[in-house]
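Read off the chains here:
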Amino acid sequence: MYAKALAPEYQGALSSLSVNSSLTDVLTEGTDRLRAAERAGSPREAARSGLAVAEAHRRLGHVEEADRAWKASYRAARAAGDVGAMAWAVWSGGTLARQRGSLALARRLLALAAELGKRGDDVVARGYSLAGLAETGRIQGDYEAVRALHEQLLAEARKRGEARHTVWALEGIAQIHRNTGSYDTAFAMFEEAAAIAAQADDQRGRAWALRGMADIVSLRDKDVDRALALLSEAELVCREMKLTSALAYNLKMRGNVLFRAAHYPSAREYYETALAEFRAMSEPRGTALSRLGLAKTLARLGQDPALTAAELDDLRGELDRIGLRHAREMVDAAYEELGISRPGTRSASVAPIPGARAAREAVAAR
């Protein structure tokens, strides 16, 4: 039995905010509290209110504002001598760096945040930072390096009855199983995550779990109607909470479901909408994945193969730059799927991902 999910990133005067609070409400209240703390000359409260402001901006896709906010939160925490608050600020910065596709910076910041959390005796900040390292490795496709860390964090979250982190870890491990073809295991874990999130009233976690379930239902069962129904359920949560990034990924998944069902005109519409959303928030991973879906869809709609090949080749270079191995493998598979020869001479070999050693060391340090 899990208690109601909490939002530890909402601290100080904002600790009464719910994990399900609308992000626009969090931003408004956080900004008001931040200004009050600055007027009162309270750097500790400014740091904690600034963290909520940074996280609201990040999740709303306001990347420049989020960047300024987490750095200001860190400066205030340092002025207050609050090492735990410093850890939280750097965690926010590392999470933003990952969102922006700066994965090497994300690893450095999240490793620093984990160290600050340890020094400041903030177990939750350290746990969130290690989780961030694990997620960074996972989205890069370096599953061998981070699977053990995901599983360790899941075991610790279950032991402490922390619903939100249990849901996160289940979803991360489920995604690894999905990407390696273990659909039944992946679905069971997404389903468990959705049930725990519902029990703990973690609507954000539930929305992501429903998206994962929809993906498996589409891939494994070819059940378009059920997959779209699950996505519609998740979309309601995303819109109510103003979860900009989650909503964009939901729209992209609708494109995936429709593409798999050969409903190409509708798939094109959703990919184009998702692409515009990701570009507006400067989210390179979502942008690249939407471009891939759109390129495959346009090919099925009769686009000149030379144009498709050029787009795929450009995408492959972009994914190499970001360091997303699994997504790059998806591009390689698209050439074969569409019967298109790859232009150029870029090597298809997969280079080791930087940071794998750091992730393994994080596991060993637990």
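Small disclaimer: the values here were computed from a predicted structure and weren't measured. (Residues numbered from 1 in each chain as written. Predicted model: local features only at pLDDT ≥ 70, side-chain atom pairs only at ≥ 80, totals over all residues. Heavy atoms only, no water.)

J.: Looking at this model, I keep getting lost on the overall build of the chain. Mind explaining?
T.: The helix and strand tally for the chain stands at 17 helices and zero strands. Overall size of the chain, expressed as C-alpha extent along the three principal axes, is 65 × 40 × 40 Å. Counting the 366 residues in the chain, one finds 57% classified as buried. Of all intrachain contacts in the chain linking residues separated by at least 6 positions in sequence, the fraction that spans at least 24 positions is 62%. As displayed, the chain offers around 15300 Å² of accessible surface, 50% of which is attributable to carbon and sulfur atoms. Here the chain holds 52 positive side-chain charges and 48 negative ones, and the gap between their average locations is 4 Å. (Helix = DSSP H or I, 4+ residues; strand = E, 2+ residues; numbered from the N terminus. Buried < 20%, exposed > 50% of the residue type's maximum accessible area, 1.4 Å probe, protein only. Contact = heavy atoms within 4.5 Å. Areas by Shrake-Rupley, 256 points an atom, 1.4 Å probe, with all protein chains shown as cover. Lys, Arg positive; Asp, Glu negative; His and termini not counted. Charge placed at Lys NZ, Arg CZ, Asp CG, Glu CD.)

J.: Please explain the pattern of salt bridges as it appears in this structure.
T.: Pairing between side chains of opposite charge can happen when their charged atoms approach one another. If you walk through the whole model with that rule in mind, you get 28 salt bridges. Through salt bridges with shared partners, one network takes in E9, E55, R58, R59 and R164. (Salt bridge = Lys/Arg side-chain N within 4 Å of Asp/Glu carboxyl O.)

J.: How should the nonpolar core be read in this particular structure?
T.: Where a protein is soluble and globular, its nonpolar side chains tend to be buried together. Formed by 119 residues in total, the largest nonpolar core has its most connected members in Y10, W91, M213, V257, L312, L324 and V331. Domain assignment of the residues forming this core places at least three in each of domain 1 (1-115) and domain 2 (257-341). (Core = buried A, V, L, I, M, F, W, Y, C linked by side-chain atoms within 4.5 Å. Domains from an automatic or database assignment.)

J.: Even after reading the chapter, I still don't get the domain arrangement of the chain, so can you show me in this structure?
T.: Where interface size is quoted, it is often the accessible area lost as the parts come together. If you check the domain split of the chain, you get domain 1 (1-115) and domain 2 (257-341). The gap between the C-alpha centroids of domain 1 and domain 2 is 33 Å. Facing six residues of domain 1, the contacting portion of domain 2 comprises seven residues. Where domain 1 touches domain 2, the interface holds zero residue pairs in polar contact (both at pLDDT 80 or more). Looking at side-chain class alone, the side of domain 1 that touches domain 2 contains two nonpolar, three polar and one charged residues. (Polar contact = N/O pair within 3.5 Å; in protein donor to acceptor, adjacent residues only side chain to side chain. Nonpolar A, V, L, I, M, F, W, Y, C, P; charged D, E, K, R; others polar.)

J.: Explain helix 12 (residues 244-260) here, please?
T.: Two residues of an α-helix separated by three or four positions point the same way, owing to the 3.6 residues in each turn. The first and last C-alpha atoms of helix 12 sit 25 Å apart over 17 residues, in line with the 24 Å expected at 1.5 Å per residue. For helix 12, the buried fraction is high: 15 of the 17 residues fall into the buried class. (Expected span 1.5 Å × (residues − 1).)

J.: I would appreciate a short explanation of the environment of F278 in the present structure.
T.: Mapping F278 onto the fold places it in helix 13 (residues 264-280). Given the relative accessible area of 0%, F278 is considered buried. With 11 residues separating them in the primary sequence, F278 and L289 have C-alpha atoms 9.8 Å apart. Not counting residues within four places of it along the chain, the set of residues in contact with F278 comprises S245, A248, Y249, K252, E283, G286, T287 and S290.

J.: Looking at this model, I keep getting lost on the confidence of the model for the chain. Mind explaining?
T.: Caution applies to low-pLDDT parts of the model: their predicted coordinates are not meant to be read in detail. When pLDDT is averaged along the chain, the result is 91, and 93% of the positions lie at 70 or above. Counted against residues more than four places away or in other chains, residues 345-366, with its pLDDT under 50, gives 41 contacts. (pLDDT = per-residue confidence, 0-100.)

J.: Mind showing me how you'd approach the environment of L315 here?
T.: Mapping L315 onto the fold places it in helix 15 (residues 305-322). For L315, a relative accessible area of 0% translates into the label buried. Between the alpha carbons of L315 and A327 there is a distance of 9.6 Å; along the sequence they are 12 residues apart. If near-sequence neighbours (up to four positions away) are discounted, L315 is found in contact with A288, R291, L292 and V331.

J.: Sorry if this is basic, but what is going on with the packing of aromatic side chains here?
T.: Each pair of aromatic rings is reported with the distance of its centres and the angle of its planes. For the coordinates displayed, the defined rule picks out six aromatic pairs. Three or more aromatic residues link up through ring pairs in this structure, and these residues are W88, W91 and Y128. The cationic tip of R220 hangs over the ring face of F187; the distance from NZ or CZ to the ring centre is 4.8 Å. (Phe/Tyr/Trp six-rings, centres within 6.5 Å; stacked < 30°, edge-to-face > 60°. Lys NZ or Arg CZ within 6 Å of the ring centre and 35° of its normal.)

J.: Explain unusual backbone geometry here, please?
T.: With the exception of glycine, most residues fall at negative phi, and the peptide bonds are largely trans. Positioned with a positive phi, D201 is a non-glycine residue whose angle comes to about 60°. For D201, the location among the structural elements is in the loop between helix 9 (183-200) and helix 10 (203-221). What makes D201 partly exposed here is its relative accessible area of 28%. Positive phi, close to 55°, is recorded for K222, a residue that is not glycine. As for its placement among the helices and strands, K222 is situated in the loop between helix 10 and helix 11 (224-241).

J.: Quick question: what am I supposed to make of the side chain of R206 here?
T.: Structurally, R206 is set in helix 10. Non-local contacts of R206, meaning those with residues more than four positions away in its chain, are made with A194, A197, A198, E233 and V237.

J.: Even after reading the chapter, I still don't get helix 1 (residues 23-40), so can you show me in this structure?
T.: Spanning 18 residues, helix 1 covers 25 Å between terminal C-alpha atoms, matching the ideal 26 Å at 1.5 Å per step. For helix 1, the elements touching its buried residues are helix 2 (43-60), helix 10 and helix 11. Downstream of helix 1 by one or two residues, G41 has phi in the positive range, about 70°.

J.: In this structure, what is going on with the packing of helix 9 against helix 10? I would like to understand it.
T.: Axis angle and axis distance: for two packed helices, these are the angle between their axes and the distance between the axes, and together they describe the pair. In contact at an axis separation of 8 Å, helix 9 and helix 10 are set at 155° when each is read in the N-to-C sense. Classed by the angle they form, the pair helix 9 and helix 10 counts as roughly antiparallel. Seen along the crossing, helix 9 lies across helix 10 with a hand that is left-handed. Across the interface between the two elements, Y183, D184, A186, F187, F190, E191, A193, A194, A197 and A198 from helix 9 touch G205, R206, A209, G212, M213, I216, V217, L219 and R220 from helix 10. (Axes fitted to C-alpha atoms, helices over the stretch in contact; angles between N-to-C directions. Parallel < 35°, antiparallel > 145°, perpendicular 65-115°, else oblique. Left-handed = near helix turned anticlockwise from the far one by under 90°.)

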